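Overview (structure and organization)
Listed here are the chains, written in short residue letters.
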2 protein chains.
Amino acid sequence: MAHNHEALLKNIKADMPADELLQDLGDLFKIFGDTTRIKIMYALYEDEMCVCAIADLLSMTQSAISHQLKALKAANLVSSRREGKTVYYRLADEHVKSIIAQGYEHITE
Amino acid sequence: MAHNHEALLKNIKADMPADELLQDLGDLFKIFGDTTRIKIMYALYEDEMCVCAIADLLSMTQSAISHQLKALKAANLVSSRREGKTVYYRLADEHVKSIIAQGYEHITE
DNA sequence: ATAACATATGAACGATTGCTCATATGTTCA
DNA sequence: TGAACATATGAGCAATCGTTCATATGTTAT
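Residues numbered from 1 in each chain as written. Chains lettered and ligands numbered in written order. Predicted model: local features only at pLDDT ≥ 70, side-chain atom pairs only at ≥ 80, totals over all residues. Heavy atoms only, no water.

**As for the interface of chain B and chain A**
Of the residues lining the interface, 55 residues belong to chain B; the matching set on chain A comes to 55 residues. Carbon and sulfur atoms make up 75% of the surface buried where chain B meets chain A, a total of about 4800 Å² over both sides. In terms of surface lost to chain A, no three residues of chain B exceed B:F29, B:H95 and B:H106, which account for 13% of the buried area on that side. Counting every contact that joins chain B to chain A gives two salt bridges. In this structure, B:D19 engages A:K39 in a salt bridge whose closest nitrogen and oxygen atoms are separated by 3.0 Å. Linking chain B with chain A are 10 residue pairs in polar contact (both at pLDDT 80 or more), by the criterion used here. Of all elements in the fold, only α1 (6-15), α2 (19-32), α3 (35-43), β1 (49-50), α4 (51-58) and α6 (94-107) of chain B reach the threshold of two or more residues within the side of chain B that touches chain A. (Contact = heavy atoms within 4.5 Å. Buried area = accessible area lost by both parts, 1.4 Å probe. Salt bridge = Lys/Arg side-chain N within 4 Å of Asp/Glu carboxyl O. Polar contact = N/O pair within 3.5 Å; in protein donor to acceptor, adjacent residues only side chain to side chain. Helix = DSSP H or I, 4+ residues; strand = E, 2+ residues; numbered from the N terminus.)

**With respect to the pattern of salt bridges**
Residues and elements named next belong to chain A. Scanning the model with the defined rule gives 10 salt bridges over all chains in all. The residue K30 makes a salt bridge to D27 at a minimum N-O spacing of 3.8 Å. Placement of both K30 and D27 in helix α2 (residues 19-32) is noted, with a separation of three residues, approximately one turn of the helix. Looking at K30, the relative accessible area reads 41%, which means it is partly exposed. Assessed through its relative accessible area of 34%, D27 is described here as partly exposed. (Buried < 20%, exposed > 50% of the residue type's maximum accessible area, 1.4 Å probe, protein only.)

**Some details on the relation of the copies chain B and chain A**
Least-squares fitting of chain B to chain A yields an RMSD of 0.0 Å, with the transformation described by 0.0 Å of translation along the axis and a rotation of 180°. With respect to symmetry, the two chain copies, as superposed, fit the operation of a two-fold axis. When the interface residues of chain B are mapped onto chain A, 100% of them again fall at the interface, so both copies present the same face. (Least-squares fit on C-alpha atoms with pLDDT ≥ 70 in both.)

**What about the pairing of strand β3 (residues 86-91) of chain B?**
Residues and elements named next belong to chain B. Where β1 and β3 come together, two bridges link them in antiparallel fashion. Bridging from a neighbouring strand, M49 pairs with Y89 of β3. Taken together, the six bridges between strand β2 (residues 78-83) and β3 define a ladder with antiparallel strand orientation. Considered in β3, the bridge of R82 is made with V87. Joining the antiparallel neighbours β2 and β3 is a turn of two residues, in which G84 adopts a positive phi near 70°. (Pairing = 2+ DSSP bridges.)

**Considering the packing of α2(B) against α3(B)**
All names here are of chain B. Interhelical geometry of α2 versus α3 gives an angle of 80° and a closest axis separation of 7 Å. Comparing their axes, α3 and α2 come out roughly perpendicular. Contacts between α2 and α3 involve K30, I31 and F32 on the former and, on the latter, R37, I38 and M41. Of the residues belonging to the contact of α2 with α3, the class tally is four nonpolar, no polar and two charged. (Axes fitted to C-alpha atoms, helices over the stretch in contact; angles between N-to-C directions. Parallel < 35°, antiparallel > 145°, perpendicular 65-115°, else oblique. Nonpolar A, V, L, I, M, F, W, Y, C, P; charged D, E, K, R; others polar.)

Quick look at the structure:
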């Protein structure tokens, strides 16, 4: 490999976050990187919704939605509450909206 | 599928962006959803860098980096300029930084 | 306790992804 | 022109991902 950048690299290496954090960051964005999950998050943009309503909205099976909600929950992007047989999901915090909003801006300019 | 949400769904459906846009949004975040590409973007956070310096920094092959830079460029997340044999890449705009910053905030709180 | 409903979950399968390897393209200098 | 260097690219392969299907779990009402 290549011409001389030792000095440059030393500085940049020092400024880079730890590998583990960068891995976590990648894992987080991976969750946003799927149309179904984006749709779910958009559906929850204004208000909470139960699983079967989301499935109905996206014309997908309850199982598929449930799997994706699990992924979203594991990444702390949604939270849920149970009311009888029904489980309602909602966006976990404002970061979800602002991340999506930034992405939206990027592609629509 | 499930109990009655017709009225609810009608409203939400009307508020959802077009399918094509949601697809594009997912595709954009997919690019952020990989540790190597995140590292590349972080490396370019302060200043432009040539391909071989990035490869050196991440201890990866020139080919692997070049492939990823192509993906980043296709998503308009980086731009490049050639100077002789060397090609320098830089972040395309501020959205890249703000998207990463939002993600960073989400995982470090 | 049993039936009906809402949701969750594990296994499996096809599709996509990220890397490697070989090689092509572009540029400079002798 | 040819050699050396920097980058780009296509094919192939292992690993990961998103869905489906079957079934399990949790809840309510009879």
